[in-house]
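Letter by letter, the chains look like this.
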Amino acid sequence: MKFNTKAIHGGQQNIDPAFNSVMPPIYQTTTFKQSTPHGHKGYEYARSGNPTRDALEKSMASLENGSFGIAFGSGLAAIDAVLKLLKSGDEVISTSDLYGGSYRLFTNIFQNFGIKFHFVEMDNVKEIENKINAKTRLIWVETPTNPMMSIIDIKAVSRIAQKNNLLLAVDNTFATPYLQQPLNLGADIVMHSATKYLGGHSDVVMGSLVVKDETLANKLYFIQNASGAVPGPQDCFLVLRGIKTLHVRMQRHCENGKAVAMALQQNSKVANVYWPGFDDHPNHLIAKKQMSDFGGMVSFTTSEGTLESAVRVVERLKIFTLAESLGGVESLAGHPASMTHASIPKEDREKTGVVDSLIRLSVGIEDIEDLLEDLEQAFL
Ligand code: PLP
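If you're wondering where the values come from, they're calculated on a predicted model, not measured in any experiment. (Residues numbered from 1 in each chain as written. Predicted model: local features only at pLDDT ≥ 70, side-chain atom pairs only at ≥ 80, totals over all residues. Heavy atoms only, no water.)

Q: I tried to follow the overall build of the protein on my own but got confused; where do I start?
A: For the protein, the helix and strand inventory stands at 14 helices and 12 strands. For 380 residues, the compact-globule estimate of 2.2 N^0.38 gives 21 Å, and the C-alpha radius of gyration of the protein, at 21 Å, lies within 12% of that figure. Once the C-alpha set of the protein is aligned to its principal axes, its extents read approximately 70 × 50 × 35 Å. The burial tally for the protein puts 55% of its 380 residues in the buried class. For the protein, restricting intrachain contacts to residue pairs at least 6 apart in sequence, the fraction spanning at least 24 positions comes to 72%. Carbon together with sulfur atoms contributes 51% to the accessible area of the protein, which is approximately 16,400 Å² in total. Taking the average place of the 36 positive charges on the side chains of the protein and the average place of its 41 negative ones, the gap between the two points comes to 6 Å. (Helix = DSSP H or I, 4+ residues; strand = E, 2+ residues; numbered from the N terminus. Rg over C-alpha atoms; globule rule 2.2 N^0.38 Å. Buried < 20%, exposed > 50% of the residue type's maximum accessible area, 1.4 Å probe, protein only. Contact = heavy atoms within 4.5 Å. Areas by Shrake-Rupley, 256 points an atom, 1.4 Å probe, with all protein chains shown as cover. Lys, Arg positive; Asp, Glu negative; His and termini not counted. Charge placed at Lys NZ, Arg CZ, Asp CG, Glu CD.)

Okay, here's the thing in structure tokens:
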């Protein structure tokens, strides 16, 4: 099955044996009747399993070309589950430019449990090798990175992971499986904030993991049940519905993202534009190799270079909504330094480029003329 067909039908065979409904029913139930202890039809208690969640998990697995999908109550809950594969004393090597909430989870929670994190600039993969020691267990990659749009070469990192017997997890939230499939490039775990493009309509908070290996899947299912951060059936239904249009939405996100990046590059009030589709983007060739297009996320700095100038622009926008999050049908603008990345110390975030004059756009699927006009008027 090819991708667009998978988005609609992947993992959805025989979803409603009772009535053959085309969409899975929303099994809004806590528990399932047993005829005798453990005499059930595959489901006992809804934390451990729910047919609506199952339908979504199978769809997610199919999209990522994996074998097992594991859904969580948020993207961070999914990352939390991956880290629970580790134990005190273990070490993790992570991209230095990453979502602020992931950084906060690593440094403010798991570090307290004795796990050590190294943040490195992975566009030079040698930096990873320099940090590997006998305690290293996991490499955490986010690509494209949030919000600087650096691209990490997943295949090159996976070679290092395999050589050193390390797990490789990739946060694929920005690219989505429509543009990039990390399991095909050698990753062991692919993670999503399904809150974003998979859900696609800014109405659900959810996370997911997809893996190929059954032993690893069973460990993650165990954590999903034992820690209990599961999504509800209504939300699973909504994300499954969102996934069915992922491919058409992504096509438009990519077209509009490109047009916005080009227009910003021509704007004299803009200093730098970060979008991996530019020929002179430092990782453009890797982006071309591992992604089928460049996505709908674009970041830029104002030429004035001040906090005030960035705040003025985001406050003046009318169609782009100033809000946290990304990946919905509507265009959003964010100010990473004070919003999504505020939990990273100023000195650390500025090293990766998250300066006060940086604005991040999630370019939606509205008419491009309206989006360009909106950006133009915000700079006046
Ligand atoms: N990873 C990335 C790249 C994100 O942008 C986000 C949220 O913005 C997350 C993970 C966390 O996901 P959630 O907000 O669903 O917990």
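Q: I'm lost on the site of the ligand in this one. Help?
A: Looking at the ligand, there are 14 residues lining it, with Gly75, Asp171, Ser193, Thr195 and Lys196 nearest. For the ligand, an oxygen atom lies 2.8 Å from a polar atom in the side chain of Ser193. Between the ligand and Thr195, the relevant distance is 2.6 Å, taken from an oxygen atom to a side-chain nitrogen or oxygen of the residue. For the ligand, whose free accessible area comes to 390 Å², the fraction covered by protein is 92%. A molecule is said to occupy a pocket when more than half its atoms come within 2 Å of that pocket's grid points, and by this definition the ligand occupies the second largest pocket. (Near = heavy atom within 4 Å. Polar contact = N/O pair within 3.5 Å; in protein donor to acceptor, adjacent residues only side chain to side chain. 1 Å grid on protein atoms, 1.4 Å probe; cavity = no way out; pocket = protein on both sides within 12 Å on 5 of 7 lines; lining within 4 Å. Sits in = over half its atoms within 2 Å of the grid points.)

Q: Just checking my understanding: could you explain the packing of aromatic side chains for this structure?
A: For the coordinates displayed, the defined rule picks out 11 aromatic pairs. Considering the side-chain rings of Phe106 and Phe119, the 6.4 Å spacing of their centres and the 25° angle between planes classify their relative orientation as stacked. Highlighted residues: Phe106 in helix α4 (residues 100-109) and Phe119 in strand β3 (residues 116-120), separated in sequence by 13 residues. Note on Phe106: relative accessible area 0%, which makes it buried. Pairing Trp275 with Phe278 gives two aromatic rings, centres 5.1 Å apart and planes at 80°, and the pair type is edge-to-face. For Trp275, a relative accessible area of 2% translates into the label buried. An aromatic cluster is built from Tyr103, Phe106, Phe117, Phe119 and Trp140, whose rings are joined through pairwise contacts. (Phe/Tyr/Trp six-rings, centres within 6.5 Å; stacked < 30°, edge-to-face > 60°.)

Q: I'm lost on the packing of helix α3 (residues 75-83) against α4 in this one. Help?
A: Each pair of packed helices gets described by two things: the angle between the helix axes and the distance between those axes. Where α3 meets α4, the axes come as close as 10 Å, and the angle between the chain directions of the two elements is 35°. Our pair here, α3 against α4, has a crossing hand that is right-handed. On α4, the residues that touch Leu76, Ile79, Asp80 and Leu83 of α3 are Gly101, Ser102, Arg104, Leu105 and Phe106. Residue composition of the contact of α3 with α4, grouped by class: five nonpolar, two polar and two charged. (Axes fitted to C-alpha atoms, helices over the stretch in contact; angles between N-to-C directions. Left-handed = near helix turned anticlockwise from the far one by under 90°. Nonpolar A, V, L, I, M, F, W, Y, C, P; charged D, E, K, R; others polar.)

Q: How should I be thinking about the nonpolar core in this particular structure?
A: Burial of nonpolar side chains together is a common tendency in soluble globular proteins. In terms of nonpolar packing, the biggest core is built from 58 residues, with Met60, Val239, Leu264 and Leu361 touching the most fellow members. Considering every element that reaches this core, the biggest residue donor is helix α10 (residues 246-266), with six residues. Looking at this core, you find at least three residues from each of domain 1 (3-243) and domain 2 (246-378). When sequence neighbours within four positions are dropped, the list of residues in contact with Val239 reads Leu56, Met60, Ala194, Leu198, Gly199, Val204 and Met206. (Core = buried A, V, L, I, M, F, W, Y, C linked by side-chain atoms within 4.5 Å. Domains from an automatic or database assignment.)

Q: Help me understand the sheet that holds strand β9 (residues 297-302) in this model?
A: Two pairing modes exist for strands in a sheet, parallel and antiparallel, and in both the strands are linked by backbone hydrogen bonds. Spatially, β8-β9-β12-β11-β10 is the arrangement adopted by the five strands of the open sheet, whose pairing is mixed. Looking at which strands have only one partner, the edges of the open sheet turn out to be β8 (270-274) and β10 (321-322). (Pairing = 2+ DSSP bridges.)

Q: Whenever I open this one, helix α8 (residues 214-227) confuses me. Can you help?
A: Count 3.6 residues to each turn of an α-helix, and residues three or four apart come out pointing the same way. Along its 14 residues, α8 runs 20 Å from first to last C-alpha, staying within 8% of the 20 Å computed at 1.5 Å per residue. Of the positions making up α8, those classed as buried are Leu216, Ala217, Leu220, Ile223 and Gln224. Projected down its long axis, α8 shows its buried positions confined to an angular sector of 120°, all on one face. Those residues of α8 that are exposed and angled more than 90 degrees off the buried face are Thr215, Phe222 and Ala226. Considering only its buried residues, α8 is in contact with α2 (51-63), β1 (68-72), α3, β5 (167-171), β6 (189-193) and β7 (207-211). One side-chain oxygen of the residue at the start of α8 lies 3.2 Å from the amide nitrogen of Thr215, identifying that residue as Asp213. (Expected span 1.5 Å × (residues − 1). Arc of directions from axis to C-beta.)

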